[in-house]
Amino acid sequence: MLRGGPTAPAVFEDSAMKARVTVTLKSGILDPQGKAIEGALRSLGIDGVASVRLGKVFDVELDGADRQRAEAALKDAAERLLANTIIENYRIDIVG
Amino acid sequence: MKSAVLIFPGINRERDMARTLKLMSGREPAMVWHADTELPPGTDLVVLPGGFSYGDYLRCGAIAARAPIMDAVRAFAGKGGLVLGVCNGFQILCESGLLPGVLMRNAQLRFLCREAFLRIERSDTPFTRGYNAGQVIRVPVAHGEGNYVADAETIARLEGEGRVLFRYTTPDGALDPGWNINGAINAIAGVLNDRGNVAGLMPHPENHVDPSIGPTDGRGMFAGLTAHFAQAA
């Protein structure tokens, strides 16, 4: 039986775990992009913005339902590729 | 001098580099694919050229730094082999941990395609022996992320150990924020690893070697490297 259109994502509710890895610049690291966004917000007349730092979000779907293994794999991924720990911090959240 | 030029998807300066290596050393370099796991036997110098490996996705050089060939480069450098990274190649060396620090977005947020003046900080390395310490050379730059950053401790160590090889200066060799084109800490344009065998820089000396197209200030680097191996042989 056809379920969903051809563009429907393959979601396996039972076995997949979802996680979010958030990568942010360490404090003290100059963020010229954040500064430019800050300036643009000011020119839009948006009040009360003291500063902006730009970061990255990775939404990851994992095979299997073992939470500990997932956390270990994501830590490995963040340390070895997703973040450059010289300049960036990362946070891992298992979201479901 | 037997050199090897690495090719990653999205690299686009490998031919310039190969042409310069051939011109200056008299020997055609081997072109080595990123998915290879070995360098050609007898390689003297590995060069990571400029370009936009993997479209600069994630961070410049981040994905190329994890390519299979990089394990071979790490082993080669571990045995004292000479490795040079230019532009994206420098970014890849930093991402792979072979050089300290990281190249961030230019402070002015603009891609720079122009000439810069570089002061050679020391001439007693294989990469700079073709120059005099304090000499200023004129070389092209073409990058959006060349703003060298490292923590204060790393910068202090680099400076203390004389591992800053090149700095952006005025044409007279003076430090001036107006001539530090991308806002790099201490106007750092290129650095050396602790062992003295891995070097990286953002500018493109390989593009200033042929008098028929302009200045030849880049020749010193490749002439020096060639002389280094001629002497060793």
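Residues numbered from 1 in each chain as written. Chains lettered and ligands numbered in written order. Predicted model: local features only at pLDDT ≥ 70, side-chain atom pairs only at ≥ 80, totals over all residues.

Asks: Would you mind going over the overall build of chain B with me for this structure?
Replies: Secondary structure summary: chain B contains 5 helices and 11 strands in total. A compact globule built from 233 residues should have a C-alpha radius of gyration of about 17 Å, and chain B, at 16 Å, falls within 12% of that. By principal-axis analysis of the C-alpha atoms, chain B measures approximately 45 × 35 × 35 Å. For chain B, with 233 residues in total, the buried portion stands at 56%. Long-range contacts, defined as pairs at least 24 residues apart, comprise 75% of the intrachain contacts of chain B with a sequence gap of at least 6. (Helix = DSSP H or I, 4+ residues; strand = E, 2+ residues; numbered from the N terminus. Rg over C-alpha atoms; globule rule 2.2 N^0.38 Å. Buried ≥ 20, exposed ≤ 12 C-beta atoms within 10 Å, placed from the backbone. Contact = placed C-beta atoms within 7 Å.)

Asks: Looking at this structure, I do not really get the sheet that holds strand β3 (residues 88–94) of chain A. What am I missing?
Replies: Backbone-to-backbone hydrogen bonds join strands into a sheet, with any given pair of strands oriented parallel or antiparallel. Residues and elements named next belong to chain A. One open sheet accounts for 3 strands, arranged β2-β1-β3; its pairing is antiparallel. One side of each edge strand has no neighbouring strand; the edge strands of this open sheet are β2 (56–62) and β3. Here the strands of the sheet are splayed against their neighbours by 20° on average, with no regard to which way each runs. In this structure, strand β1 (residues 17–25) lies alongside β3, joined through 7 bridges in antiparallel fashion. By the bridge assignment for β3, T22 is matched with R91. (Pairing = 2+ DSSP bridges. Axes fitted to C-alpha atoms, helices over the stretch in contact; angles between N-to-C directions.)

Asks: Would you explain the confidence of the model for chain A in this entry?
Replies: Interpreting fine coordinate detail is not advised for predicted regions of low pLDDT. Of the residues in chain A, 84% reach a pLDDT of 70 or more, and the chain-wide mean stands at 86. For the stretch residues 1–5 of chain A, pLDDT sits under 50, and the model shows 0 contacts to residues farther than four places along the chain or on other chains. (pLDDT = per-residue confidence, 0-100.)

Asks: Got a minute to help me understand the environment of A72 of chain B in this structure?
Replies: Within the fold, A72 of chain B resides in helix α2 (residues 69–78). The residues contacting A72 of chain B, other than those within four sequence positions of it, are T37, E38 and L39 of chain B.

Asks: Whenever I open this one, the nonpolar core confuses me. Can you help?
Replies: Across soluble globular proteins, nonpolar side chains show a tendency to be buried alongside one another. Membership of the largest hydrophobic core comes to 77 residues, with the highest contact counts inside it found for L6, V83, L93 and L118 of chain B. The greatest single-element share of this core, amounting to 5 residues, is contributed by α2 of chain B. (Core = buried A, V, L, I, M, F, W, Y, C linked by C-beta atoms within 7 Å.)

Asks: How should the sheet that holds strand β3 (residues 45–48) of chain B be read in this particular structure?
Replies: Residue and element names in this part refer to chain B. One open sheet holds the 9 strands; their spatial order is β2-β1-β3-β4-β11-β10-β9-β6-β7, and the pairing between them is mixed. Strands at the two margins of the open sheet, each flanked by one partner only, are β2 (30–33) and β7 (136–143). Within this sheet the neighbouring strands show an average axis-to-axis angle of 25°, counted without direction. Inspection of the sheet shows strand β9 (residues 164–168) paired to strand β10 (residues 188–192) by 3 bridges, in the antiparallel sense. Looking across to β10, one finds that F166 is bridged to G190. Packed onto the sheet, α2 meets β1 (3–7), β2, β3, β4 (82–86) and β11 (198–201) and runs at close to 130° relative to β4.

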